[in-house]
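Report on the structure
Listed below, chain by chain, are the residues.
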Amino acid sequence: MCGAPAPSPALIEMMMRYYDATTTTKPAPVVEFADTGLWSTAPAAAEFADTGSWSAPSTPSDSSSETDASPHGGAMSAFYYHPEAAALASQQMMMPRQLVQQMMPVPVPYKMMAPPRPRVEVRQVWQSNHREEMALIESLLPRFRYAAVDTEFPGTVYRPACPAYLLTPEKRYALLKANVDELELIQLGLTLFNDDLSGGGANAVVWEFNFREFDPRRHRHAPDSIAMLRAKGVDFDRAARDGVDSAAAFGPRLRKWLRGGAKAGLGRAGLVTFSGGYDMAYLVKAMFGAGYKLPATAAEFEAVAAALLRRRRVFDVKEMARRCPGADLRGGLDCVAAKLGVARAVGEAHQAGSDSLLTCHTFIKMKQRYFDDDDKLAKVAGMLTGITTS
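Residues numbered from 1 in each chain as written. Predicted model: local features only at pLDDT ≥ 70, side-chain atom pairs only at ≥ 80, totals over all residues. Heavy atoms only, no water.

The name that an unreviewed UniProt entry assigns to the protein is poly(A)-specific ribonuclease, with the source organism given as Eragrostis curvula. Per UniProt, the protein has the following entry under Cofactor (unreviewed entry): "a divalent metal cation". UniProt, in the comment section headed Subunit (unreviewed entry), describes the protein in these words: "Component of the CCR4-NOT complex, at least composed of CRR4 and CAF1 proteins." (UniProt positions renumbered as here; feature names shortened; annotations may be inferred.)

Quick look at the structure:
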């Protein structure tokens, strides 16, 4: 090694800073190594435009703010080890590569480090921010071909005297109509997505609309349903004060989104639900406004819904699950999702935003596995639990 030129000051400084970063618990700033060429920062999660939404799903506890300890006790989450780091350093220092490797602490290999898990954000919509959120939805409609919806309502106050599966189709619709005519919508979950999980920076964007019409102190409801929604975090007092007016504010905007056409309409490739008869009925009621009563028969309802939806295809994941060849996918949303290996990305069951996102992910997995071409998918379009099927 005699006569070898001294390493450059920049390289020495870089190596010293790296040593400090791997032997202390405080992560070193990533930007300090931006010009060295020897280190690469962890790929940033794809943050969507200015919304603050993250593309891939994870639970809130899976925050990417946690650090991963290096083999030397250092905080290594800010760095990936570049495989050619030792080679480049060896060239500058004119030292054998093996010796340089011995001088440099060995971090976790580049290809073995998992990138940080991005989070999913459910965007809460109230009267105070509904204009901004609705404008954001309109700006995103051209990017997303599908929409998944979920509704939360005060349960059912009319129930059959016999098991529901024994009802005729006419009586099933009459039961749905009686309940929807009597009750008010509490929440709507809306997820915009593409079936290939593309979207120009976000895989899916999720909203949860909180409506003001329902008041448990004045309106009929199923007590067990209201108790469950309270346990899931629904704030009925705040909804009464700051909830969105479903008839005056949401309904007209929904009609506008559905008129958007082949390039910018809401769910132009399909609207996705799970056990969606009540979901579609409450959407139709919201679009017509206060005092609207559903049509007398299921056939009339289908005609009204088809006109409002501009002949869009509607996919009910519960009905799709019944028609998956060779698979037993019976059960509720969480059960069907679990059988397909789909995890809930955020929130809990019976939170409208969370359920709409889980419906989206379950639809995608089912479509990929069992309905992988448009002909197969077309055969299950338009079937809605409680309206067109049992």
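Once that is clear, we can look at the overall build of the protein. When its secondary structure is counted, the protein shows 15 helices and 8 strands. Taken over 390 residues, the protein has a buried fraction of 48%. For the protein, restricting intrachain contacts to residue pairs at least 6 apart in sequence, the fraction spanning at least 24 positions comes to 78%. For the protein, the exposed area adds up to about 18700 Å²; of that, 54% sits on carbon and sulfur atoms. (Helix = DSSP H or I, 4+ residues; strand = E, 2+ residues; numbered from the N terminus. Buried < 20%, exposed > 50% of the residue type's maximum accessible area, 1.4 Å probe, protein only. Contact = heavy atoms within 4.5 Å. Areas by Shrake-Rupley, 256 points an atom, 1.4 Å probe, with all protein chains shown as cover.)

All right, on to the nonpolar core then. Of all hydrophobic cores here, the largest spans 49 residues; its most connected members are Leu192, Phe209, Phe250, Trp257 and Leu266. Secondary-structure elements contributing two or more residues to this core are helix H4 (130–140), strand S4 (146–152), helix H5 (169–182), strand S5 (187–193), strand S6 (204–210), helix H8 (246–258), helix H10 (277–288) and helix H11 (298–308). Here the element with the most residues in this core is H10; it accounts for 8 residues. Residues in contact with Trp257, not counting those within four places in the same chain, are Met134, Ile137, Glu138, Leu141, Leu190, Phe209, Phe250, Gly265, Leu266 and Arg312. Core analysis: the second largest hydrophobic core is formed by 32 residues, Val317, Val336, Leu377 and Val380 among them. (Core = buried A, V, L, I, M, F, W, Y, C linked by side-chain atoms within 4.5 Å.)

This brings us to the pattern of salt bridges. A full pass over the atoms with the stated rule returns 20 salt bridges. Arg123 serves as the salt-bridge partner of Glu133, at 2.8 Å between the closest nitrogen and oxygen. Taken as a pair, Glu133 in helix H4 and Arg123 in strand S3 (residues 122–125) lie far apart in primary sequence, 10 residues in all. Through salt bridges with shared partners, a single ionic network connects Glu121, Arg123 and Glu133. (Salt bridge = Lys/Arg side-chain N within 4 Å of Asp/Glu carboxyl O.)

Turning to the pairing of S6, a few remarks are in order. Where a strand is regular, its side chains alternate between the two sheet faces. Within S6, 7 of the 7 residues are buried, which leaves it mostly tucked inside the rest of the structure. Note that S3 and S6 share 4 bridges and pair parallel. Of the residues in S6, the one forming a bridge with Gln124 is Glu208. Note that S5 and S6 share 7 bridges and pair antiparallel. Residue pairing across strands places Leu188 opposite Phe209, the latter belonging to S6. (Pairing = 2+ DSSP bridges.)

Take helix H14 (residues 352–370) next. The terminal C-alpha atoms of H14 lie 26 Å apart, and with 19 residues this matches the ideal 27 Å at 1.5 Å per residue to within 8%. Among the 19 residues of H14, 16 are classified as buried, and the element is accordingly described as predominantly covered. (Expected span 1.5 Å × (residues − 1).)

This next bit is on the sheet that holds strand S7 (residues 270–273). With mixed pairing, the 6 strands of this open sheet are ordered in space as S3-S6-S5-S4-S7-S8. The sheet terminates laterally at S3 and strand S8 (314–316), the two strands that pair on one side only. Strand-to-strand, the axes of this sheet are offset by a mean angle of 25°, without reference to chain direction. Relative to S5, S4 runs antiparallel, the two being bridged by 7 bridges. (Axes fitted to C-alpha atoms, helices over the stretch in contact; angles between N-to-C directions.)

Before going further, it helps to spend a moment on H10. Across its 12 residues, H10 extends 17 Å between first and last C-alpha, which sits within 8% of the 16 Å expected from 1.5 Å per residue. In terms of burial, H10 is a largely internal element, 11 of the 12 residues being buried. Of all the positions in H10, only Gly277, Tyr278, Asp279, Met280, Ala281, Tyr282, Leu283, Val284, Lys285, Ala286 and Met287 are classed as buried. Once H10 ends, the next one or two residues include Gly289, with phi positive near 100°.

Moving on, we get to the packing of H10 against H11. Running from N to C, H10 and H11 point in directions that differ by 65°, and their axes come no closer than 11 Å. Relative to H11, the crossing made by H10 is left-handed. Mapping the contact onto sequence places Met280, Ala281, Val284, Met287 and Phe288 in H10 and Phe301, Val304, Ala305 and Leu308 in H11. Looking at the contact of H10 with H11 residue by residue, the class counts come to 9 nonpolar, no polar and no charged. (Left-handed = near helix turned anticlockwise from the far one by under 90°. Nonpolar A, V, L, I, M, F, W, Y, C, P; charged D, E, K, R; others polar.)

Below, the discussion takes up the confidence of the model for the protein. Close inspection of predicted coordinates is inappropriate in any region flagged by low pLDDT. When pLDDT is averaged along the protein, the result is 78, and 68% of the positions lie at 70 or above. Confidence scores differ between elements of the protein, with strand S1 (residues 39–41) showing the lowest mean pLDDT of 32 and S4 the highest of 98. Overall, residues 18–86 carries pLDDT values under 50, and its contacts beyond four positions in sequence, including any with other chains, amount to 149 contacts. The low-confidence segment residues 105–117, where pLDDT is below 50, has 32 contacts with residues more than four positions distant or belonging to other chains. (pLDDT = per-residue confidence, 0-100.)

Let us now look at the layout of surface pockets. As a volume, the largest pocket reaches approximately 910 Å³. Lining the largest pocket are 34 residues, with Phe153, Thr156, Ser275, Tyr278 and Thr385 sitting closest to its centre. Among the elements of the structure, S4, H5, helix H6 (223–231), H10 and helix H13 (333–339) are those that each provide at least two residues to the lining of the largest pocket. Tallied by class, the residues present in the lining of the largest pocket amount to 14 nonpolar, 10 polar and 10 charged. (1 Å grid on protein atoms, 1.4 Å probe; cavity = no way out; pocket = protein on both sides within 12 Å on 5 of 7 lines; lining within 4 Å. Points joined across faces, edges and corners; volume = space filled by probe spheres on them.)

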